[in-house]
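Now for the letters of each chain:
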Amino acid sequence: MSGKLVLVTGVTGFIAGHVAHGFLKAGYRVRGTARGDKAKQLTETIKVEGLEFARVDDIATDDLSEVLKGVYAIIHVASPLPGRTDVDDTLNSAIDGTNHILEAATKAGIEKLVITSSFGALFDASLVPGFHGLTFTYKDWGVVSREEARAKAEDPYYVYFASKILAEKAIWEYAEKHPELDIATVLPGFVFGPYADHFPLPKESQLGTNGFIHGLVSGAPLTPIPPFIADVRDVAKAHVLALGVNRKPLGEKRYIANGGNFTWRQAAAHLNKVRPEIKTAAIDAFADLPGPASKLDTTHTTQQLNFGTWIPTEKTIEDAADALVALKKTW
């Protein structure tokens, strides 16, 4: 395979595994980063043409000069999961890790980057605006400070979404000072779906957003969240397509990725119909949303990326449920 080489950070992650496969399918070569001995294990066990692995223990501090040799573009996906680290570690990993990647790219002469952000960067980290019947576009921004995130340290999702706001703010502030860089960000809704081929499957403590699906197929009456459903395969597709977009004015290359709205009550009702063997909680056990659901406007993404059709939310829930039922049998 002789395509251009892209670096995908945190390649064993749920989104990153699909991103890696998306770039391979598009004809690129992929170098994926992993921590510790995992990179060696991946090299020994995963034999996919065009895919290689490199060890990066700390994306915020490691010298990346060797890892970036020969790299055409950086696809920065790695980010700490909610609640996996304390508030300062989460913020530092997201913000300092992103800044470190940007600085390393500048030093290596790499101009093109695609960075995974979140819908949470579009509004308040409490996610309360997700229940206000609003429509959010790529031009919207959340506002938060490190101090506010520390004050909400007991709420891992607030801290996580605060880290996404602050990290993406840092990206565009850096880009303003370094006009040679050509950066795009991808802002998915809550990401669900099946797992990428070849990569190790997660343990129960590593499920991320698919943990909600685990709860759904295990009969839990899930707490309402803003019902933004992004299929992981669409999120990966958005990363690949974003890399091919020509330079745009600063901040124009923010791409919301979301298939539509679908509540847990709707998801349970759908699974009851198409997967009756999966025993969800009773439909009336799912609480109403605390307010009218807001929407994520993907028009800008669909037009600029020539995206085509988004995977229907029903399909996303079905495939994610099937994946989690199968995964539970491996534990």
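All of these numbers come straight from a predicted model, not from anything done at the bench.

Asks: Help me out: how do you make sense of the overall build of the protein in this one?
Replies: When helices and strands are tallied, the protein shows 10 helices and 12 strands. The C-alpha radius of gyration of the protein comes to 19 Å, within 12% of the 20 Å expected for a compact globule of 331 residues. When the backbone C-alpha atoms are referred to their principal axes, the protein occupies close to 55 × 45 × 40 Å. The buried share among the 331 residues of the protein stands at 54%. Within the protein, residue pairs in contact and separated by at least 24 positions form 77% of the contacts whose partners lie at least 6 positions apart. Carbon and sulfur atoms provide 51% of the accessible area of the protein, an area that totals close to 14400 Å².

Asks: Please explain the layout of surface pockets as it appears in this structure.
Replies: In this approach a probe as big as a water molecule rolls over the atoms, and the regions it shows empty are the leftover space. Empty space within the second largest pocket amounts to approximately 310 Å³. Contributions of two or more residues to the lining of the second largest pocket are made by helix H1 (14–25) and helix H7 (232–243). In terms of residues, the lining of the second largest pocket owes the most to one element, H7, which gives 5 residues. Each residue belonging to the lining of the second largest pocket can be placed in one class, and the counts come to 6 nonpolar, 3 polar and 4 charged.

Asks: I keep staring at empty space enclosed by the protein and nothing clicks. Help me out?
Replies: Counting across every chain of the model gives 1 cavity of 30 Å³ or more. The space that makes up the largest cavity amounts to roughly 90 Å³. In terms of lining residues, the largest cavity is bounded by 13 residues, among which Ala94, Thr98, Thr116, Lys164 and Ala167 are the most central. Within the residue set of the lining of the largest cavity, elements represented by two or more residues are helix H3 (87–108), strand E5 (112–116) and helix H5 (156–177). If one sorts the elements of the lining of the largest cavity by residue count, H5 sits on top with 4 residues. Class assignment for the residues of the lining of the largest cavity results in 5 nonpolar, 6 polar and 2 charged.

Asks: Looking at this structure, I do not really get the sheet that holds strand E9 (residues 228–231). What am I missing?
Replies: Ordered in space as E8-E9-E11, the 3 strands form an open sheet in which the pairing is mixed. Two strands in the sheet have a free side with no partner beyond their single neighbour: strand E8 (190–192) and strand E11 (260–261). Pairing between E9 and E11: 2 bridges, direction antiparallel. What sits directly across from isoleucine 229, in E11, is glycine 260. The strands touched by helix H10 (residues 313–328) within the sheet are E8, E9 and E11, with E9 carrying the most contacts at an inclination of about 70°.

Asks: What am I meant to see in the pairing of strand E10 (residues 254–257) here?
Replies: On any regular strand, side chains alternate: one points to one face of the sheet, the next to the other face. Side chains Arg254 and Ile256 project from E10 onto one buried face, and the interleaved Tyr255 and Ala257 project onto a second face that is buried too. Examined bridge by bridge, strand E7 (residues 182–188) and E10 share 4 bridges and lie parallel to one another. The residue of E10 that forms the bridge with leucine 187 is isoleucine 256.

Asks: Quick question: what am I supposed to make of the nonpolar core here?
Replies: Formed by 93 residues in total, the largest nonpolar core has its most connected members in Val6, Val8, Phe23, Ile75, Phe119, Ile213 and Trp264. When residues of this core are assigned to their parent elements, the largest contribution, 9 residues, is made by H5. Ignoring anything within four residues of it in the chain, the contact list for phenylalanine 23 reads Val6, Tyr28, Val30, Ile75, His239, Val240 and Leu243. In this structure, Leu7, Ile171, Trp172 and Ala175 belong to the second largest nonpolar core, which totals 23 residues.

Asks: I tried to follow the side chain of lysine 164 on my own but got confused; where do I start?
Replies: Among the secondary structure elements, lysine 164 is positioned in helix H5. With residues up to four places along the chain from it excluded, the contact list for lysine 164 reads Ser79, Thr116, Ser117, Ser118 and Ala121.

Asks: Looking at this structure, how should I read the pairing of strand E1 (residues 5–8)?
Replies: With burial as the criterion, each face of E1 is covered, one bearing Leu5 and Leu7 and the other bearing Val6 and Val8. When E1 meets strand E2 (residues 29–34), the two strands line up parallel, connected through 4 bridges. Looking at the pairing, valine 8 lines up with glycine 32 of E2. You can see the chain leave E1, run along H1 and come back into E2, and the turn it takes is right-handed. Where E1 meets strand E4 (residues 73–76), 3 bridges bridge the pair, whose relative direction is parallel. Bridge pairing in E4 links leucine 7 to isoleucine 74.

Asks: Where do I start with the sheet that holds strand E3 (residues 51–55) in this structure?
Replies: Consider a sheet: its strands pair through backbone hydrogen bonds, and that pairing is either parallel or antiparallel. The parallel open sheet is built from 7 strands, whose spatial order is E3-E2-E1-E4-E5-E7-E10. Two strands lie at the open edges of the sheet, namely E3 and E10, each paired on one side alone. When the angles between neighbouring strand axes are averaged without regard to direction, this sheet yields 20°. Two elements, E5 and E7, share 5 bridges in a ladder whose sense is parallel. Of the residues in E7, the one forming a bridge with isoleucine 115 is threonine 185. Set on the sheet, H1 makes contact with E1, E2, E3 and E4; between it and E1 the angle comes to about 175°. Strands in contact with H5 are E5, E7 and E10; relative to E7, the strand with the most contacts, it is inclined by about 165°.

About the cut-offs
Residues numbered from 1 in each chain as written. Predicted model: local features only at pLDDT ≥ 70, side-chain atom pairs only at ≥ 80, totals over all residues. Heavy atoms only, no water. Helix = DSSP H or I, 4+ residues; strand = E, 2+ residues; numbered from the N terminus. Rg over C-alpha atoms; globule rule 2.2 N^0.38 Å. Buried < 20%, exposed > 50% of the residue type's maximum accessible area, 1.4 Å probe, protein only. Contact = heavy atoms within 4.5 Å. Areas by Shrake-Rupley, 256 points an atom, 1.4 Å probe, with all protein chains shown as cover. 1 Å grid on protein atoms, 1.4 Å probe; cavity = no way out; pocket = protein on both sides within 12 Å on 5 of 7 lines; lining within 4 Å. Points joined across faces, edges and corners; volume = space filled by probe spheres on them. Nonpolar A, V, L, I, M, F, W, Y, C, P; charged D, E, K, R; others polar. Pairing = 2+ DSSP bridges. Axes fitted to C-alpha atoms, helices over the stretch in contact; angles between N-to-C directions. Core = buried A, V, L, I, M, F, W, Y, C linked by side-chain atoms within 4.5 Å. Right-handed = clockwise from strand over helix to strand, strands pointing away.

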